[in-house]
Amino acid sequence: VRTQVGIIGAGPAGLLLSRMLAVQGIESVVLENRSRDYVEARIRAGILEQHTVNTLREVGMGARLDREGLEHDGIYLQYPGTRHKLDFPELCGRNVWIYGQSEVVKDLIAAQLDDGPPLLFEVSDVQPRDVDTDSPSIAFTDADGVAQVLECDVVAGTDGFHGVSRPIVTAATQGTVWERTYPFAWLGILADVAPSTDDLIYAWHPDGFAMHSMRSPSVSRLYIQVDPTEKIEDWSDDRIWEALATRMALPGWELQTGPVTEKSILPMRSFVSSPMRHGRLFLAGDAAHIVPPTGAKGLNLAVADVTLLAQALVRLLAEKETDLVDAYSDKALARVWRCTHFSWWMTSMLHTHGDDFDAQLQLSQLQRVCSSEAAARELAEMYTGLPVAL
Ligand code: APR
C-alpha cells in the first residue's frame with residue numbers, strides 16, 4: 001500500500017490532519033491501534049478556542065458543533081467571598097465554545113469513514129521505518145493479523161503521549177525533554193444534572209481548587225483538586241458533591257447535584273519534547289507535549305500543531321518546497337511554550353498545596369486579575385487562544 005502521508009494515531013490530531021490534507025488534495029492513511037468504540041468513548045477536554053472552532057468549520061466539521069456547541073463569553077474566577085466574571089469579548093474580542101473532544105472525534109471519524117481517506121482501527125505493531133530517507137514507511141499488523149507495509153512520503157506521529165513516534169525522534173536527534181510533575185491531581189465527574197452556572201467557574205479554596213464546567217444544557221462536568229495518591233474508591237458521590245459545594249460556596253448560590261455517570265482521577269503534568277521532527281517524521285499533539293488541564297489548552301494546541309503541519313506538508317508535497325517543513329518544529333514549539341507557561345500559571349494560581357506564603361501570593365494574583373483590566377486581558381487573550389502562528 002502507498003500513500004503520501006502515513007498518520008499514526010486517530011486522536012483529534014491525526015484525524016484533523018488527515019481531513020485538512022484531504023481538503024487540499026493530499027492523500028493519507030490513518031492507523032489506530034484501538035477500536036472505534038474505544039476512541040469515541042474517551043472522555044477528555046471540552047473547551048474549544050476561537051481558532052479551533054474556525055478551523056473545524058473551514059474543513060466542513062462545523063455543522064453539529066454550531067448546533068450543539070455552547071458559545072461562552074467568559075469564565076468566573078472565584079476565591080472565598082468573591083465570584084468575578086471575566087468578559088472575554090469585552091476584553092479581547094474572542095469567545096470560547098464548549099463541545100466535548102469526544103464529539104469532535106466522533107464527527108471527524110464519521111466524516112472520514114463516509115468519504116474520507118482510509119482509517120484503519122485495531123492495527124498493532126506499528127513501526128515507522130527509514131524516516132531519515134525520502135521514502136519512509138510504516139510497518140504494522142492489520143486487524144486481521146496480516147503484516148502490512150504502508151509506503152509514504154512523510155510520517156505524522158500523532159500517537160499521543162504513549163505512542164511509538166516520539167522515542168524515535170528523541171533518540172535520533174538527541175532531543176531534549178522538559179517535565180514538571182505537579183503535587184496534585186483532578187478528580188473529575190460527569191453528572192446528569194443541568195449546570196448550576198451559566199459560565200465555567202474556576203474556584204480557589206483553602207481545601208483545594210474546584211471547577212464547574214459543563215458538556216450540554218443537561219450534563220455537568222465538575223472537578224476537585226485531590227492528592228495524586230488518592231484512590232477513586234475512597235470518593236463516594238456524596239463526598240465529591242460535598243467537597244464541590246464547600247469549595248464553590250457563595251451566599252445565594254446553590255450547587256445542584258445529580259447522578260454521576262463517570263468519575264476518574266487525572267494526574268497533572270507539563271511535558272515538552274523538542275524537536276518535533278526528525279527527517280520525514282513529524283510529531284504533533286500529545287505525542288510532543290502535555291499541559292495540565294487548568295488552561296484548557298491540550299486539544300487546542302494539538303489543533304494548532306496540525307494546522308501548521310498541514311500547511312507545511314502541502315507546501316512540501318504539492319510544491320516541493322521545504323521551507324515550511326524546516327520551520328515547523330520551531331514555530332510549533334514557540335506556541336507550545338507560550339501555552340505551557342499559561343497552563344502552568346493558571347495551575348499555580350489556583351491549586352493549594354499547604355504552603356501559606358504561596359496561598360497569599362495566589363490570592364493576591366487572583367485579586368489582581370479580578371480588578372485590573374490589563375491583567376484580565378492577558379488571561380482572556382491566552383484563554384481564548386492565540387493566532388496559530390505567533
Ligand atoms: N499505533 C497506532 N495508534 C496509536 C499508537 C500506536 N503505536 N499509540 C497510540 N495510538 C493512538 C491512541 O490510541 C490515540 O487514539 O494515538 C491516538 C492519540 O490520540 P490522543 O492521545 O488523543 O492525542 P492527540 O490526538 O494528540 O490529541 C490531543 O490533547 O490534552 C490533550 O485531551 C487532549 O487528547 C487530546 C490531546
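Residues numbered from 1 in each chain as written. Predicted model: local features only at pLDDT ≥ 70, side-chain atom pairs only at ≥ 80, totals over all residues. Heavy atoms only, no water.

Novice: Just to check I follow, could you spell out the site of the ligand for this structure?
Specialist: Near the ligand there are 24 residues, and of these Glu32, Arg42, Arg44, Gln101 and Asp286 occur at the shortest range. In this structure, an oxygen atom belonging to the ligand sits 2.7 Å away from a side-chain N or O atom of Arg42. Measuring from an oxygen atom of the ligand, one finds a side-chain N or O atom of Gln101 at 2.9 Å. Look at the ligand: alone it shows 710 Å² of surface, and the protein chains cover 90% of it. Only α1 (12–23) and α9 (298–319) provide two or more residues apiece to the shell around the ligand. Broken down by class, the residue content of the shell around the ligand amounts to 9 nonpolar, 9 polar and 6 charged. (Near = heavy atom within 4 Å. Polar contact = N/O pair within 3.5 Å; in protein donor to acceptor, adjacent residues only side chain to side chain. Areas by Shrake-Rupley, 256 points an atom, 1.4 Å probe, with all protein chains shown as cover. Helix = DSSP H or I, 4+ residues; strand = E, 2+ residues; numbered from the N terminus. Nonpolar A, V, L, I, M, F, W, Y, C, P; charged D, E, K, R; others polar.)

Novice: What's the story with the pattern of salt bridges in this structure? I'm lost.
Specialist: Taken as a whole and assessed by the stated rule, the structure comprises 17 salt bridges. One salt bridge in this structure joins Lys106 and Glu103, with 3.2 Å as the shortest N-O distance. Of this pair, Lys106 and Glu103 both sit in helix α6 (residues 101–115), separated by 3 residues, roughly a single helical turn. Of the charged contacts, one joins Arg315 and Glu319 as a salt bridge, the two residues approaching to 2.7 Å between their closest N and O atoms. Of this pair, Arg315 and Glu319 both sit in helix α9, 4 residues apart, roughly one helical turn. (Salt bridge = Lys/Arg side-chain N within 4 Å of Asp/Glu carboxyl O.)

Novice: Help me understand the pairing of strand β16 (residues 219–226), please; the structure alone is not making it clear to me.
Specialist: Along any regular strand the residues' side chains alternate between the sheet's two faces. A large share of β16 lies buried, amounting to 8 of its 8 residues. A two-sided burial pattern is seen for β16, the buried positions comprising Val219, Arg221, Tyr223 and Gln225 on one face and Ser220, Leu222, Ile224 and Val226 on the other. Alignment of strand β13 (residues 176–191) against β16, held across 7 bridges, turns out to be antiparallel. Opposite Trp186, over in β16, you have Gln225 as the bridge partner. Sheet analysis places strand β15 (residues 210–216) next to β16, joined by 6 bridges and oriented antiparallel. (Buried < 20%, exposed > 50% of the residue type's maximum accessible area, 1.4 Å probe, protein only. Pairing = 2+ DSSP bridges.)

Novice: Help me understand helix α11 (residues 356–371), please; the structure alone is not making it clear to me.
Specialist: In an α-helix, one turn spans 3.6 residues, which is why side chains three or four residues apart end up on the same side. For α11, which comprises 16 residues, the first-to-last C-alpha distance of 23 Å matches the rise-based estimate of 22 Å (1.5 Å per residue) to within 8%. Among all positions of α11, only Ala359, Gln362, Leu363, Leu366, Val369 and Cys370 are buried. With its buried residues spanning 125° around the axis, α11 presents them on a single face. Summarising the geometry of α11, the exposed residues directed more than 90 degrees from the buried face are Phe357, Gln360 and Ser371. Its buried side turned inward, α11 meets β5 (74–79), β6 (82–87), α10 (323–350) and α12 (373–384). For α11, the N-terminal capping position is held by Asp355, with its side-chain oxygen 3.0 Å away from the main-chain nitrogen of Phe357. (Expected span 1.5 Å × (residues − 1). Arc of directions from axis to C-beta. Contact = heavy atoms within 4.5 Å.)

Novice: Would you mind showing me how to read the packing of α1 against α9 here?
Specialist: The relative placement of two packed helices comes down to the angle between their axes together with the axis-to-axis distance. Direction vectors running N to C along α1 and α9 enclose 35°, while the axes themselves pass 9 Å from each other. Taken as a pair, α1 and α9 cross one another with a handedness that is right-handed. Within the contact between the two elements, α1 uses Pro12, Ala13, Leu16, Leu17, Met20 and Leu21 and α9 uses Leu299, Ala302, Val303, Val306, Thr307, Leu309, Ala310, Leu313 and Val314. Partitioned by chemical class, the residues of the contact of α1 with α9 number 14 nonpolar, 1 polar and no charged. (Axes fitted to C-alpha atoms, helices over the stretch in contact; angles between N-to-C directions. Left-handed = near helix turned anticlockwise from the far one by under 90°.)

Novice: Which parts of the structure should I look at to understand the nonpolar core?
Specialist: When a protein is soluble and globular, its nonpolar side chains tend to lie buried together. By size, the foremost hydrophobic cluster in this structure holds 108 residues, and its most contacted members are Tyr202, Leu379 and Tyr383. For this core, the element with the most residues is α9, which contributes 13 residues. Setting aside chain neighbours within four positions, we find Tyr202 in contact with Ile47, Ile75, Tyr76, Leu77, Gln78, Phe209, Ala210, Met211, Thr294, Met346, Leu350 and Tyr383. By size, the runner-up hydrophobic cluster in this structure holds 21 residues, among which are Leu222, Trp235, Ile240 and Trp241. (Core = buried A, V, L, I, M, F, W, Y, C linked by side-chain atoms within 4.5 Å.)

Novice: How should unusual backbone geometry be read in this particular structure?
Specialist: Across the chain, the bulk of peptide bonds are trans and the bulk of non-glycine residues have phi less than zero. A cis amide bond links Ser274 with the next residue in sequence, Pro275, at an omega value of 0°. In this structure, Gln174 is a non-glycine residue whose phi angle is positive, near 50°. One can find Gln174 in the loop between α7 (165–173) and β13. For Gln174, a relative accessible area of 71% corresponds to the exposed category. Phi is positive for Ala296, which is not a glycine, with a value near 60°. If you trace the backbone, Ala296 turns up in the loop between β20 (289–290) and α9.

Novice: What is the right way to look at the packing of α10 against α12 in this model?
Specialist: It is the contact of α10 with α12, at a shortest axis distance of 11 Å, that shows an interaxial angle of 120°. Put simply, α10 runs oblique to α12. Classified by chirality, the crossing of α12 by α10 is left-handed. Contact with α10, carried on its side by Arg338, Cys339, Phe342, Trp345, Met346 and Met349, involves Glu378, Leu379, Met382 and Tyr383 of α12 and no other residues of that element. Across the contact of α10 with α12, the residue classes break down as 8 nonpolar, no polar and 2 charged. (Parallel < 35°, antiparallel > 145°, perpendicular 65-115°, else oblique.)

Just geometry here; none of it tells us what the structure is for.
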